[in-house]
Amino acid sequence: MISRRRMLLSLAAALLAALAVYGLYYVQLERVQAEERVSIIVPNRWIDAGQFITSEQLAWMAIPVSIATDDMIYNIEDVVGQEAVIPLGAEEPILHWKLNKFSLHPGEQQATFQIPKDYIKSISNGIRAGDEVWIYISSVEGDSERLFQEGIIVASVKTGSNNEVDVPDEADKHAIIRGNAEQMYASRRDANGMIEHINVNLTEQQWLEIDRRCSDGQSKLVIAYHSLPAPVKGQMMHES
């Protein structure tokens, strides 16, 4: 009887020891996995929407393997030469859907049209290349309406001297800005010139409608900043 009890106690002790060893192994494994890191590509500075990305604007950043996703970018060659679909903040993980090689180019059924100045009544000063705008028609008879229900992508906005309207490249002007939200707001306030010309991507039917409505001078366009363009079809829609 005593021998049997000793055997059971030995088995229980062995089982508890095995559980303790397994528990320690599991904790150590979790710790090792948490400490494992992988390098991803991030901007080393603010990058505006519509801007072509160069290698000088990029850096490597190590993150835990546990938070890495397939949509993050691990090769610098996958980023260089692409356009930023939306503004990218410093050290923000770059996801595939935030990039597009041809985001400012017209789509398959589109062409890029410069809207004649005579057709325009007003343009929102905050518009930049890559933005989505709403176009309204304003008539001298008093009737106004939104011309197209869908947003229109801006290919470029130019000054009178044919320079792209953009944020001045003066680091000291943004030295007091802290955080990406503030930088995004400031980039809409500062510019290197007034918008004199605007080029937008339109279908043939959209351009003919604008020309038909504005060619007699009785109606003009009001072009209003709406938002950044939606991610291109087929790209992932979730954010980091």
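Residues numbered from 1 in each chain as written. Predicted model: local features only at pLDDT ≥ 70, side-chain atom pairs only at ≥ 80, totals over all residues. Heavy atoms only, no water.

**Some remarks on the packing of aromatic side chains**
Part 1: Under the criterion given, the structure shown has two aromatic pairs.
Part 2: Aromatic pair Phe113 and Trp207: ring centres 5.2 Å apart, planes at 15°, arrangement stacked. In this pair, Phe113 is assigned in strand S5 (residues 110-114) and Trp207 in helix H3 (residues 204-214), connecting sequence segments 94 residues apart. In this structure, Phe113 and Trp207 share a single accessibility class: buried. (Phe/Tyr/Trp six-rings, centres within 6.5 Å; stacked < 30°, edge-to-face > 60°. Helix = DSSP H or I, 4+ residues; strand = E, 2+ residues; numbered from the N terminus. Buried < 20%, exposed > 50% of the residue type's maximum accessible area, 1.4 Å probe, protein only.)

**Regarding the pattern of salt bridges**
Part 1: This structure, assessed with the given rule, holds six salt bridges.
Part 2: Between Lys98 and Glu92 there is a salt bridge, with its nearest N and O atoms 2.5 Å apart.
Part 3: Overall, the relative accessible area of 1% leaves Lys98 in the buried class.
Part 4: Glu196 serves as the salt-bridge partner of Lys117, at 3.0 Å between the closest nitrogen and oxygen. Of the two residues, Lys117 sits in the loop between S5 and strand S6 (120-123) while Glu196 sits in the loop between helix H2 (180-187) and strand S10 (197-203), which places them 79 residues apart along the sequence.
Part 5: Look at Lys117 and you get partly exposed, because its relative accessible area is 46%.
Part 6: Judged by its relative accessible area of 30%, Glu196 falls in the partly exposed class.
Part 7: It is possible to trace a salt-bridge network through shared partners that takes in Glu145, Glu209, Arg212 and Arg213. (Salt bridge = Lys/Arg side-chain N within 4 Å of Asp/Glu carboxyl O.)

**Some details on the environment of Val165**
Part 1: Note that Val165 resides in the loop between strand S9 (152-158) and H2.
Part 2: Through-space distance from the C-alpha of Val165 to that of Ile198 is 9.9 Å; in sequence the pair is 33 residues apart.
Part 3: Every residue in contact with Val165, bar those within four places of it in the chain, is listed here: Arg128, Val157, Lys158, Thr159, Ala191, Asn192, Gly193, Met194 and Ile195. (Contact = heavy atoms within 4.5 Å.)

**Topic: the confidence of the model for the chain**
Part 1: Chain-level statistics for the chain give a pLDDT mean of 80 and a share of 78% at 70 or above.
Part 2: Ranking the elements of the chain by mean pLDDT puts H2 last with 60 and H3 first with 96.
Part 3: Long-range and interchain partners of residues 229-240, a stretch whose pLDDT sits below 50, account for 23 contacts in this model, where long-range means more than four residues apart. (pLDDT = per-residue confidence, 0-100.)

**A few points about the environment of Phe148**
Part 1: Topologically, Phe148 is positioned in the loop between strand S8 (144-146) and S9.
Part 2: When the C-alpha positions of Phe148 and Glu209 are compared, they lie 9.7 Å apart, and in sequence the two are 61 residues distant.
Part 3: Not counting residues within four places of it along the chain, the set of residues in contact with Phe148 comprises Ile135, Gln206, Glu209 and Ile210.

**Examining unusual backbone geometry**
Part 1: The residue Glu91 is not glycine, and still its phi comes out positive at about 65°.
Part 2: By the element assignment, Glu91 lies in the loop between strand S3 (83-84) and strand S4 (99-100).
Part 3: The backbone of Asn162 sits at a positive phi, close to 70°, despite the residue not being glycine.
Part 4: Of note, Asn162 is situated in the loop between S9 and H2.
Part 5: For Asn162, a relative accessible area of 52% translates into the label exposed.

**Focus on the environment of Met194**
Part 1: Locating Met194 in the fold gives a position in the loop between H2 and S10.
Part 2: We classify Met194 as exposed; its relative accessible area is 53%.
Part 3: Non-local contacts of Met194, meaning those with residues more than four positions away in its chain, are made with Asn125, Lys158, Thr159, Gly160 and Val165.

**Considerations on the nonpolar core**
Part 1: Ranked by size, the top nonpolar core spans 24 residues in total, and within it Ile115, Ile127, Ile198, Ile210, Leu221 and Ile223 carry the most contacts.
Part 2: Elements supplying a minimum of two residues to this core: S6, strand S7 (132-139), S9, S10, H3 and strand S11 (219-227).
Part 3: Among all residues touching Leu221, those that are not within four sequence positions of it are Ile115, Tyr119, Ile120, Lys121, Ser122, Ile135, Tyr136, Ile137, Leu147, Ile210 and Cys214.
Part 4: Core analysis: the second largest hydrophobic core is formed by 18 residues, Met72, Val79, Ile94 and Trp97 among them. (Core = buried A, V, L, I, M, F, W, Y, C linked by side-chain atoms within 4.5 Å.)

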